[in-house]
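Per-entry structural report
If you want the building blocks of each chain, they are given just below.
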Amino acid sequence: MAPTAALYGASPDVARRILDDIEAQFRLTKDDLIRITTQFLEDFALGLGEYNHPMAMIPTFVTGVPNGSETGTFLALDLGGTNLRVCEVELLGNHEFVLRQQKYKVSEALKTGEATALFDYLADSVDAFLTEFASAVPSSPSTEQANPFMSPSLSDLTPEPAVPLGLTFSFPVEQTALNRGKILTWTKGFSAKNAVGNDVVQLLQDAFNRKHLHVRCVALVNDTVGALLSRAYTSGGCILGSIFGTGTNGAYVERVENIKKLGDAPVRQQGGHMIVNTEWGAFNNTRTVLPTTPFDNKVDRESINPRLQAFEKFISGMYLGEITRNILLALVDAAPKPLLFNGRSSTQLNTHYGLDTAIMSEVEEAWESGRVPPAVNGVSASDVAGKIPDWQSAHFTDVDSLKAEDIARLERIRGIIIQRLALDPADVSLRDAAIVRWASSLVANRAARLSGCAVAAVLVQTGRAKLGGGFATDEERLIIGVDGSLIQHYPNFNARLRDSLRELVGEEVERKVDIGLAKDGSGVGAALCALQAIKQGH
């Protein structure tokens, strides 16, 4: 790790040198950002050309996005963990919608029993929702009525129109059409029997049919694709949907001709555009360009999936607290003299994942409170240059040189550390509070800047920007939908991401980028995917 051994002694100068060394490992220059984004683009090309690459570039078979004028009522079923959620989304046609939803508990017996029992429960939950909560007015714009003169045996049409449903299924699936996908494996504690290898849409539809429900599963959806569709409906368009939360991923609109691995498939011959699910959390699993530190290596080595999901481990909320915890423990363990907390720790700090990213957010919130916020949408670099101190600098751990209002902020941070990490107040000085704040800022800033690389890669891939700047598309707005706790709640994450984006594609393009919240990708987004499926004739 960073040098914290006895050969350095323990003078203030040496302590500062150790912090400076850690800081240097987390710094990303413009050249670093460009190199990482260049690799992103190479991995995009690889994944679009062939199957079975870590950057999977999964074709979603969604070949259009809503513009906000669509109307109709659609259902969504969201299965991803302990709860399942049923939603009814009524599209009003003016970029607005009405959402009704209800959660239902999935028991351990259902998770591990027969697949038919699990999917029957899903169907029962939809039935209960339609009976109790939903307006249940099937108003899909292109739903067909049954022909009263046609024999039922000659027609699949039900006596009344079936309500279209989009399924968000947050487990590994090999999708072969908008409404077809084979379950590859279960995760998250599920192990339902006789499901793996089968089409999840067919399993659900069979359950609906057994219950005689007039519901038709028309789309299988990824929540990132849903985020894109949700933002498109409320904003009139969207080129990228991205998640920056517990995990990370992105889905963007690609020209079908670029998805070379589709070969001569009819969908490729039709041309046009298709949403591609990048699975960018697995970018650079070989770590050839990602700025790996010993603190990151420890996170990876102790994770449940070593050597996988590398990019996710640098930028997602699940891991940022653990990277920070590793830094703090290295300083606690420094010898011959500790550099933090008098060399003492706590059960909380000693526990794997014991420092939640939410604690980092709380610390940074306390440090930022009362300050003028940095650049947001459309504010130029020149307007903010020189006004925002470089909080990642170890200089700000020198408490004696800080202003009175910053000392007051550190007092608040000290209180947070004592409470959240269960440390003895006698072991937490103001300088310790400054070091925790500095470490949190280092880790979060790197995460945001790396996130900017992913966004920049999509802008360049779709011909809307040039790496290094110097080119800008004619489009007035480049609409991006985002979801996730980091982008929504972490102080200045969005501004730091935009700083990185500005360095990568230039100020003219960055000013056009409209980053906004995508409302409920796994619920509303799934309903909108059902809409898209109806549009595409499913």
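A word on the sheet that holds strand β11 (residues 273–277)
One open sheet accounts for 6 strands, arranged β1-β11-β10-β9-β12-β13; its pairing is mixed. The outermost strands of the open sheet, each flanked by one partner alone, are β1 (58–59) and β13 (513–517). Pairing geometry for strand β9 (residues 240–244) and strand β10 (residues 248–255), over 5 bridges, is antiparallel. Looking at the pairing, F244 lines up with T248 of β10. Relative to β13, helix α17 (residues 493–505) is tilted by about 155°, and along the sheet it contacts β9 and β13.

A short note on the confidence of the model for the protein
Across the protein, pLDDT averages 89, with 90% of residues at or above 70. Within the model, the stretch residues 142–155 combines pLDDT values under 50 with 10 contacts to residues more than four positions away or in other chains. The low-confidence segment residues 379–386 (pLDDT under 50) makes 9 contacts with residues lying over four places distant or belonging to another chain.

Here's the deal with the sheet that holds strand β2 (residues 71–79)
Within the open sheet, the 5 strands sit side by side as β4-β3-β2-β5-β8. Their pairing is mixed. A single partner strand is all that each edge strand has here, and the edge strands are β4 (97–105) and β8 (215–221). Ignoring which end each strand starts from, the neighbouring axes of this sheet average 25° apart. As paired elements, β2 and strand β5 (residues 163–169) share 5 bridges and run parallel to each other. In the strand pairing of β5, D78 is matched with T168. Strands in contact with helix α5 (residues 200–210) are β2, β5 and β8; relative to β8, the strand with the most contacts, it is inclined by about 160°.

Here we look at helix α1 (residues 12–26)
Compared with the 21 Å implied by 1.5 Å per residue over 15 residues, the 22 Å span of α1 between its first and last C-alpha is a close match. At its buried positions, α1 is contacted by α8 (294–301), α10 (317–332) and α15 (430–461).

Some words on the side chain of E368
Summarising the element assignment, E368 is placed in helix α12 (residues 357–368). For the buried E368, no salt bridge is present, and the opposite-charge side chain at shortest range is R371, 4.1 Å distant. Within the structure, E368 has its side chain in polar contact with the side chain of N492 (distance 3.3 Å). For E368, the residues in contact, after removing those within four places along its chain, are W391 and N492.

Section: the pairing of strand β3 (residues 83–92)
β3 sits mainly inside the fold: 7 of its 10 residues count as buried. Where β2 lies against β3, 9 bridges are found, and the strand directions are antiparallel. Within β3, the position partnered with L79 by the bridge is L84. Pairing geometry for β3 and β4, over 9 bridges, is antiparallel. Bridge pairing links V86 to Q102 in β4. In sequence, β3 turns back onto β4 through a hairpin of 4 residues, with G93 there showing a positive phi of about 85°.

Some details on the packing of aromatic side chains
One pass over the structure, following the stated rule, counts 16 aromatic pairs. Between the aromatic rings of F26 and F295, the centroid separation amounts to 6.2 Å while the plane-to-plane angle is 25°, which identifies the pairing as stacked. With F26 in helix α1 and F295 in helix α8, this pair connects stretches of sequence that are 269 residues apart. We note that F26, like F295, is buried.

What to know about the packing of α8 against α10
Closest axis-to-axis distance for the α8/α10 pair is 9 Å, and the angle between their directions is 120°. With respect to each other, α8 and α10 are oriented oblique. Relative to α10, the crossing made by α8 is right-handed. Together, F295, D296, K298 and V299 of α8 and Y319, E322, I323, R325, N326, I327 and A330 of α10 make up the contact between the two elements.

Scoring rules and cut-offs
Residues numbered from 1 in each chain as written. Predicted model: local features only at pLDDT ≥ 70, side-chain atom pairs only at ≥ 80, totals over all residues. Heavy atoms only, no water. Pairing = 2+ DSSP bridges. Helix = DSSP H or I, 4+ residues; strand = E, 2+ residues; numbered from the N terminus. Contact = heavy atoms within 4.5 Å. Axes fitted to C-alpha atoms, helices over the stretch in contact; angles between N-to-C directions. pLDDT = per-residue confidence, 0-100. Expected span 1.5 Å × (residues − 1). Buried < 20%, exposed > 50% of the residue type's maximum accessible area, 1.4 Å probe, protein only. Lys, Arg positive; Asp, Glu negative; His and termini not counted. Salt bridge = Lys/Arg side-chain N within 4 Å of Asp/Glu carboxyl O. Polar contact = N/O pair within 3.5 Å; in protein donor to acceptor, adjacent residues only side chain to side chain. Phe/Tyr/Trp six-rings, centres within 6.5 Å; stacked < 30°, edge-to-face > 60°. Parallel < 35°, antiparallel > 145°, perpendicular 65-115°, else oblique. Left-handed = near helix turned anticlockwise from the far one by under 90°.

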